[in-house]
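Spelled out, the chains give:
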Amino acid sequence: LAKTTQPISMDSYEGQEVNITCSHNNIATNDYITWYQQFPSQGPRFIIQGYKTKVTNEVASLFIPADRKSSTLSLPRVSLSDTAVYYCLVGGNAGNMLTFGGGTRLMVKP
Amino acid sequence: GAVVSQHPSWVICKSGTSVKIECRSLDFQATTMFWYRQFPKQSLMLMATSNEGSKATYEQGVEKDKFLINHASLTLSTLTVTSAHPEDSSFYICSARVGSLEEQYFGPGTRLTVT
């Protein structure tokens, strides 16, 4: 299983761009990278998924370098409601994207 | 689309009793469902993987006789915590996946408190 390493916590202010980096040095060829957001007492919510280069959707961007050993979730112009824990998961088929790392606790301040 | 529900959202039970938690995929058929447990301020820990019509696969350290999982249909999986003890108090979350797609859809979670 590809293990992930993320910063334990990050602080930011409203309106700023936040970049959370995840290391996954032993990512396999068929592994995808997926990010989830979790609020207290709720299930994780899918944010974005990618395989290589850059992926963008309405809420975030995901940057993946050529070696794929890390990835960066970019949240543009965060608001207080973005305060949550963000998890990076790595995996491919056969159900091996099931291991949650410690996650990054993002605190957005006014 | 891709909504997963759990019932109940919270439950309090007495030590020694059993509690059943349901996980349903509302608008899609889930070939695989997963059960996680999460303690306060900790990450999610996978307990077991269940495929419709077959026995669940439990992670190391998870007692299969204590945490009974049934996946009788493509839209319903149940987790029964048998002979619950206070240390079983936790947040239980299920997720569902369609085929070999990488994305998992998570339920809202069930808060279990054993007194």
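All values reported here derive from a predicted model rather than from experimental measurement. (Residues numbered from 1 in each chain as written. Chains lettered and ligands numbered in written order. Predicted model: local features only at pLDDT ≥ 70, side-chain atom pairs only at ≥ 80, totals over all residues. Heavy atoms only, no water.)

A. Looking closely at the overall build of chain A. Counting its secondary structure elements, chain A contains 0 helices and 9 strands. For chain A, the succession of helices and strands along the chain, N to C, is β-β-β-β-β-β-β-β-β. Principal axes of the C-alpha set define a box for chain A whose edges measure 40 × 30 × 20 Å. Within chain A, the proportion of its 110 residues that are buried is 46%. A separation of at least 24 residues holds for 56% of the contacts in chain A among residues at least 6 apart in sequence. (Helix = DSSP H or I, 4+ residues; strand = E, 2+ residues; numbered from the N terminus. Buried < 20%, exposed > 50% of the residue type's maximum accessible area, 1.4 Å probe, protein only. Contact = heavy atoms within 4.5 Å.)

B. Highlighting the overall build of chain B. When helices and strands are counted, chain B shows 0 helices and 11 strands. When the helices and strands of chain B are read in sequence order from the N terminus, they spell out β-β-β-β-β-β-β-β-β-β-β. Taking 13 Å as the expected radius of gyration for a compact globule of 115 residues, we find that chain B reaches 13 Å, a close match to that expectation. Principal axes of the C-alpha set define a box for chain B whose edges measure 40 × 25 × 25 Å. When burial is assessed residue by residue, chain B has 50% of its 115 residues classed as buried. A separation of at least 24 residues holds for 54% of the contacts in chain B among residues at least 6 apart in sequence. (Rg over C-alpha atoms; globule rule 2.2 N^0.38 Å.)

C. Just the nonpolar core, in detail. Membership of the largest hydrophobic core comes to 24 residues, with the highest contact counts inside it found for B:Trp35, B:Phe67, B:Leu79, B:Tyr92 and B:Leu112. Listing elements by their share of this core, those giving two or more residues are β2 (10-13), β3 (19-25), β4 (32-38), β5 (45-51), β7 (67-73), β8 (76-81), β9 (90-97) and β11 (110-114) of chain B. Discounting chain neighbours no more than four positions away, the residues touching B:Tyr92 are B:Gln6, B:Ile21, B:Tyr36, B:Arg37, B:Met47, B:Phe67, B:Leu79, B:Gly109, B:Thr110 and B:Leu112. Ranked by size, the runner-up nonpolar core spans 20 residues in total, among them A:Cys22, A:Ile33, A:Ile64 and A:Cys88. (Core = buried A, V, L, I, M, F, W, Y, C linked by side-chain atoms within 4.5 Å.)

D. Inspection of the interface of chain A and chain B at higher detail. At the interface, 21 residues of chain A touch 20 residues of chain B. Applying the counting rule to chain A against chain B returns 6 residue pairs in polar contact (both at pLDDT 80 or more). Among the elements of the structure, β3 (32-38), β4 (45-50) and β8 (84-91) of chain A are those that each provide at least two residues to the side of chain A that touches chain B. (Polar contact = N/O pair within 3.5 Å; in protein donor to acceptor, adjacent residues only side chain to side chain.)

E. Structural detail: the state of the cysteines. In this structure the tally under the stated criterion is 2 disulfides over all chains. Residue pairing for A:Cys22: its cysteine sulfur links by disulfide to A:Cys88, the two sulfurs lying 2.2 Å apart. Taking the sign of the S-S torsion, -75° for the link of A:Cys22 and A:Cys88, the bridge is left-handed. Here A:Cys22 is found in strand β2 (residues 18-23), whereas its partner A:Cys88 is found in strand β8, with 66 residues between them in sequence. Residue A:Cys88 is classed as buried on the basis of its relative accessible area of 0%. Linked covalently through their sulfurs, B:Cys23 and B:Cys94 form a disulfide whose S-S length is 2.0 Å. Judged by the sign of its S-S torsion, about 80°, the bond between B:Cys23 and B:Cys94 is right-handed. Of this pair, B:Cys23 sits in strand β3 while B:Cys94 is found in strand β9, placing the two residues 71 residues apart along the sequence. Overall, the relative accessible area of 0% leaves B:Cys23 in the buried class. No disulfide involves B:Cys13; its sulfur sits 18 Å from that of B:Cys94, the nearest cysteine. With a relative accessible area of 8%, B:Cys13 lands in the buried category. (Disulfide = S-S within 2.5 Å.)

F. Structural detail: the environment of B:Ser54. Mapped onto the elements of the fold, B:Ser54 is located in the loop between β5 and β6 (57-58). Through-space distance from the C-alpha of B:Ser54 to that of B:Glu103 is 22 Å; in sequence the pair is 49 residues apart.

G. Local environment of the pattern of salt bridges. Per the stated rule, a full pass over the model turns up 3 salt bridges over all chains. A:Asp11 is the partner of A:Lys109 in a salt bridge, and the nearest nitrogen-oxygen pair spans 3.3 Å. You can see A:Lys109 sitting in strand β9 (residues 104-109) and its partner A:Asp11 sitting in strand β1 (residues 9-13), a full 98 residues away along the chain. Owing to a relative accessible area of 52%, A:Asp11 belongs among the exposed residues under this scheme. Residues B:Arg24 and B:Glu22 are paired through a salt bridge, measuring 3.5 Å at the closest nitrogen-oxygen approach. Exposure remark for B:Arg24: the relative accessible area of 35% places this residue in the partly exposed category. The exposure class assigned to B:Glu22 is partly exposed, which follows from its relative accessible area of 23%. (Salt bridge = Lys/Arg side-chain N within 4 Å of Asp/Glu carboxyl O.)

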